[in-house]
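# Understanding the architecture of this molecule
Listed below, chain by chain, are the residues.
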Amino acid sequence: MSSCKSSYTPVDTKPKLRVTSSTPYEDLTHYSSLVGALQYLTFTRPYITYAVQQLCLFMHDPQIEHVHTLKHIILYIQGTLDYGVHLYPSSVSTLVSYTDVDWGGCPDTRRSTSGYCMFLGDNLVSWSIKRQSTLSRYSVEAGYRGVANMVSESCWLRNILLEFHFTIQKVTLVYRDNVSAVYLSGNSVQHQCTKHIEMDIHFVREKIARGQVCVLYHVKNEYWA
């Protein structure tokens, strides 16, 4: 595929991949090998993480449509060989993170997919996209699980930096585009739709009370507490 025309995007996010949507792909080893190679590539190519995560869901039974999506990613990589994660010296020592959730986005299980990225100063240092292990009946429930995962990752990263004798003095900023999830992080009143995520709620609130985390609302260029 080195002589093929490159693609401008890694994946089309509108049509969701399904378990049984086309003809099964016979060469399971070939599919697993290519997807496994792309998993390693996500270490330096965070912008293909979502597309690769979607392909990993069908490692046990790939379809022809999944192979087409796989080739689409390869064509995108072909046209972006000079892309990657670049690290630069920075005087800023603040952890800033962004998280988002595709509520009920999986067409087969209706589970949500949550993702986040974290910056140390001007440098991207941590990112992840993963389908949630349980089903969320409400968007605020799925969104708050994403916030809790992000806060947990920020605590781990702060401890790692502490072992390198680099202390983060400022609060970690967590931006989320769900107003309800942001409001829930600072509201002590429990609601019926949040009883399934009570442990996540207490975990995030404890970090906020200690002054380690601040959850803010983010949409486009606006930031609200």
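The shown structure was predicted, so the numbers you read here are calculated from the model rather than taken from an experiment.

Enumeration over the complete set of coordinates arrives at one cavity of 30 Å³ or more. By volume, the largest cavity is sized at about 70 Å³. Contributing to the lining of the largest cavity are 13 residues, with Gln54, Leu57, Gly105, Cys106 and Thr113 lying nearest its centre. Of the residues contributing to the lining of the largest cavity, the split by class is six nonpolar, three polar and four charged.

This part covers the packing of aromatic side chains. In this description, a pair of aromatic rings is defined by centroid distance and the angle of the planes. Using the criterion set out here, one finds five aromatic pairs in the structure. Ring centres of Tyr40 and Phe43 lie 6.0 Å apart, and the angle between their planes is 90°; on these two criteria the pair is classed as edge-to-face. Aromatic side chains Tyr47 and Tyr76 sit 6.1 Å apart centroid to centroid with 80° between the ring planes, which places their arrangement in the edge-to-face category. Highlighted residues: Tyr47 in the loop between α1 (28–41) and α2 (49–56) and Tyr76 in helix α3 (residues 64–79), separated in sequence by 29 residues. For Tyr47, a relative accessible area of 30% gives the class partly exposed.

A few words now on the confidence of the model for the protein chain. Regions with low pLDDT carry predicted coordinates that are not meant to be interpreted in detail. Per-residue pLDDT for the protein chain averages 80, and the proportion of residues at 70 or more is 83%. Looking over the protein chain, one finds the lowest element-wise mean pLDDT in strand β6 (residues 222–224), namely 42, and the highest in α1, namely 92. Contacts for the low-pLDDT stretch residues 220–225, under 50 throughout, to residues beyond four places or in other chains number nine contacts.

Backbone geometry at Arg110 places phi at a positive 60°, although glycine is not the residue there. On the secondary structure map, Arg110 appears in the loop between β1 (95–102) and β2 (113–120). Residues other than glycine seldom take positive phi values, yet His165 does so here, at roughly 60°. Mapping His165 onto the fold places it in the loop between α4 (139–163) and β4 (172–176).

Attention shifts here to the pairing of strand β3 (residues 123–131). Alignment of β2 against β3, held across eight bridges, turns out to be antiparallel. Each residue of the ladder has a partner; that of Phe119, found in β3, is Leu124. Hairpin connection of β2 to β3: two residues between the antiparallel strands, including Gly121 at a positive phi of 70°.

Another aspect to go through is the nonpolar core. By size, the foremost hydrophobic cluster in this structure holds 17 residues, and its most contacted members are Leu95, Val147, Val151, Val174, Val204 and Val215. The element contributing the most residues to this core is α4, with eight residues. Counting 14 residues, the second-largest nonpolar core is a separate cluster that includes Leu38, Val52, Phe58 and Ile73.

For the pair α1 and α2, interaxial distance at closest approach is 10 Å and the crossing angle is 150°. With respect to α2, the axis of α1 lies roughly antiparallel. Pair α1 / α2 crosses with left-handed handedness. Of the residues in α2, those touching α1 at Tyr31, Val35, Leu38 and Gln39 are Val52, Leu55 and Cys56.

For α3, spanning 16 residues, the distance from its first C-alpha to its last is 23 Å, which sits close to the expected 22 Å at 1.5 Å a residue. When α3 is considered as a whole, its buried residues turn out to be His66, Val67, Thr69, Leu70, Ile73, Leu75, Tyr76 and Ile77. Of the surrounding secondary structure, the elements contacted by the buried residues of α3 are α1 and α2.

Here we take up the side chain of Ser7. Position of Ser7 among the secondary structure elements: in the segment before α1. From its side chain, Ser7 meets the backbone oxygen of Thr9 in a polar contact 2.9 Å long. Not counting the four nearest positions on each side in its chain, Ser7 is found in contact with His72, Leu75 and Tyr76.

Here is what the cut-offs are and how they apply
Residues numbered from 1 in each chain as written. Predicted model: local features only at pLDDT ≥ 70, side-chain atom pairs only at ≥ 80, totals over all residues. Heavy atoms only, no water. 1 Å grid on protein atoms, 1.4 Å probe; cavity = no way out; pocket = protein on both sides within 12 Å on 5 of 7 lines; lining within 4 Å. Points joined across faces, edges and corners; volume = space filled by probe spheres on them. Nonpolar A, V, L, I, M, F, W, Y, C, P; charged D, E, K, R; others polar. Phe/Tyr/Trp six-rings, centres within 6.5 Å; stacked < 30°, edge-to-face > 60°. Helix = DSSP H or I, 4+ residues; strand = E, 2+ residues; numbered from the N terminus. Buried < 20%, exposed > 50% of the residue type's maximum accessible area, 1.4 Å probe, protein only. pLDDT = per-residue confidence, 0-100. Contact = heavy atoms within 4.5 Å. Pairing = 2+ DSSP bridges. Core = buried A, V, L, I, M, F, W, Y, C linked by side-chain atoms within 4.5 Å. Axes fitted to C-alpha atoms, helices over the stretch in contact; angles between N-to-C directions. Parallel < 35°, antiparallel > 145°, perpendicular 65-115°, else oblique. Left-handed = near helix turned anticlockwise from the far one by under 90°. Expected span 1.5 Å × (residues − 1). Polar contact = N/O pair within 3.5 Å; in protein donor to acceptor, adjacent residues only side chain to side chain.

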